[in-house]
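Structure assessment
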Amino acid sequence: MKTTPDVQILRADTPGCAEKIHLNNAGASLQPRPVLDAVAQHLELETQLGGYEAGDAREAQIRQAYASIAGLVGARPDQIAFAASATDAYARALSSIHWNSGDVLLTTENDYVSNQIAFLALKRRFGIELVRAKGDDGTGVDHDDFEKQLKTRRPKLVAVTHVPTNSGLVQPVATLGQLVKQHSDAFYLVDACQSAGQMPLDVHTIGCDFLSATFRKFLRGPRGTGFLYVSDRVLKSDMEMMLPDMRSALWTGVDSYEPVADARRFEYWEMPVALQLGAGVAAEYAMHLGLDWIKDRTSTLAAALRGMLREIPGVRVLDVGEKLSGIVTLHHDRWQPQGITQWLGENNINGRISTKTVAQIDFGHKGVAWALRLSPHYYNTEAEIRQTVEVLRQAK
């Protein structure tokens, strides 16, 4: 029987906990000591040996990092491509689709802002059709309309964000994946930017062809790190990034090249090895604690926060859905965005403002121009939640 993690030990392993109540884990979590050590030790090695030579010396650890990342999502190491961020990974996937004018991309109203902008850019550049399935307060997407669009519009790509950045909603990516497989031959791209490290993920259960994620958020890894899972269906095809390089492909003749066989076809030659190793340690750290425990702990803290916030006169908790994540969003007509974050900062609390520019559809439905986003993680405490609510209760 696995021992329940000791939160106080985890906090002692997290230097930032001594200084702040950090409730911006949906932005960037506080890194634990093993991640910091992995990055620092490799940078030190580079100063001693040289960058290329240090990378060669860490070849076994780099391979292990791929294996650890793969373990997070139930994949094989050769199905994992390292990237600079979730958005970077997502763009590499989008660029591998052979787009033609009139092709349909099906998404939801709750897809991440950078993804929505990328979709609009594809529409502008290639003349694709962008179709958004109708929204639903329970699951984020109307299943009947989603299924209808699959059957009638025959999309080339279906793209869904698992957990939007601007609300606590958790979209049913596995259920939607079953519908995609049942009614179309579309490729399925899932953005797990906010769910990786916050809840269990299995690419086979989800049924996706691509899954993108970052490390700086709930995985507690270093900034500048992310990954892309690529299915065998993709790897057996001729799909590749729009502009591969000497890592992604082999120069087979003066006027010819071939994409490599594994997920490296979605990578570039230059790698920040120190960050890569730190990301691998972050993946191992999360799996050691257990993603089920992390999900339960984070969800419990977020639910307690929502409940206490509702007791503050004038506060409107904006999260809607049958399943909610560790992201909590709220609004108060009397508060000003800059003023409330300044007030939190004066009390050593980290939160974040989301504006309508990141949630045009969602905030339009909710009738707000901004929201305060508070995102606890497993190393936060119940006392920190109560203290934050009391500080907000005193806000002017």
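First things first, this report covers the structure right here in the doc. (Residues numbered from 1 in each chain as written. Predicted model: local features only at pLDDT ≥ 70, side-chain atom pairs only at ≥ 80, totals over all residues. Heavy atoms only, no water.)

**Notes on the overall build of the protein**
A tally of helices and strands in the protein yields 15 helices and 15 strands. The C-alpha atoms of the protein give a radius of gyration of 21 Å, which matches the 21 Å a tight globule of 396 residues would have. With the principal axes as the frame, the protein shows a C-alpha extent of 70 × 60 × 45 Å. Restricting to contacts in the protein with at least 6 residues of sequence separation, those with at least 24 account for 70%. (Helix = DSSP H or I, 4+ residues; strand = E, 2+ residues; numbered from the N terminus. Rg over C-alpha atoms; globule rule 2.2 N^0.38 Å. Contact = heavy atoms within 4.5 Å.)

**A short note on the environment of D6**
With respect to the helices, strands and loops of the structure, D6 is situated in the segment before α1 (7-12). Relative accessible area serves as the criterion here: at 40%, D6 is assigned to the partly exposed category. (Buried < 20%, exposed > 50% of the residue type's maximum accessible area, 1.4 Å probe, protein only.)

**What to know about the pairing of strand β10 (residues 256-259)**
By the bridge criterion, four bridges tie strand β9 (residues 249-253) to β10 in an arrangement that is antiparallel. Looking across to β10, one finds that W251 is bridged to Y257. Connecting β9 to the antiparallel partner β10 that follows it, the hairpin turn spans two residues. (Pairing = 2+ DSSP bridges.)

**So, the side chain of S184**
By secondary structure assignment, the location of S184 is in the loop between α8 (173-183) and β6 (187-191). When its relative accessible area of 13% is taken as the criterion, S184 is described as buried. Only 3.0 Å separates the side chain of S184 from the backbone oxygen of V180, close enough to count as a polar contact. Here A186 takes part through its backbone nitrogen, which lies 3.2 Å from a polar atom of the side chain of S184. Residues within four places of S184 in sequence aside, it is in contact with L150 and R154. (Polar contact = N/O pair within 3.5 Å; in protein donor to acceptor, adjacent residues only side chain to side chain.)

**Concerning the packing of helix α4 (residues 59-73) against helix α11 (residues 273-289)**
For the pair α4 and α11, interaxial distance at closest approach is 8 Å and the crossing angle is 40°. In terms of their interaxial angle, α4 and α11 are classed as oblique. In the packing of α4 onto α11, the handedness of the crossing is left-handed. Residues Q61, I62, Q64, A65, Y66, S68, I69, G71 and L72 of α4 pack against V273, Q276, L277, G280, A283, E284, A286 and M287 of α11. A class-by-class count of the residues in the contact of α4 with α11 yields ten nonpolar, six polar and one charged. (Axes fitted to C-alpha atoms, helices over the stretch in contact; angles between N-to-C directions. Parallel < 35°, antiparallel > 145°, perpendicular 65-115°, else oblique. Left-handed = near helix turned anticlockwise from the far one by under 90°. Nonpolar A, V, L, I, M, F, W, Y, C, P; charged D, E, K, R; others polar.)

**A short note on the sheet that holds β6**
On the basis of which strands lie adjacent, the open sheet formed by seven strands has the order β2-β8-β7-β6-β5-β3-β4 and mixed pairing. The open sheet is flanked by β2 (80-83) and β4 (129-132), the only strands paired with a single partner. The average undirected angle you get between the axes of adjacent strands in this sheet is 20°. Of the strand pairs in this sheet, β2 and strand β8 (residues 226-230) are connected by four bridges, and their pairing is antiparallel.

**A closer look at a nonpolar patch on the surface**
A contiguous nonpolar surface patch, about 400 Å² in accessible area, is contributed by Y52, M246 and W269. When you line up the elements, Y52 lands in helix α3 (residues 51-57). (Patch = residues over 30% accessible without salt bridge, like charges linked within 9 Å, V, L, I, M, F, W, Y side chains within 5 Å. Areas by Shrake-Rupley, 256 points an atom, 1.4 Å probe, with all protein chains shown as cover. Salt bridge = Lys/Arg side-chain N within 4 Å of Asp/Glu carboxyl O.)

**As for the environment of V131**
Here V131 lies in strand β4. Expressed as a C-alpha distance, the spacing of V131 and N115, which sit 16 residues apart in the sequence, is 13 Å. Excluding residues that lie within four positions of it along the chain, V131 makes contacts with V104, L105, L106, T107, Q149 and R153.

**A closer look at α8**
Three or more residues of α8 are buried, namely V173, L176, G177, L179, V180 and H183. Buried residues of α8 fall within an arc of 160° about the axis and therefore sit on the same side. Facing away from the buried side of α8, by more than 90 degrees, are the exposed residues Q178, K181 and Q182. On its buried side, α8 packs onto α7 (143-153), β5 (157-161), β6 and α9 (203-206). (Arc of directions from axis to C-beta.)

Taken by themselves, the reported measurements are silent on function.
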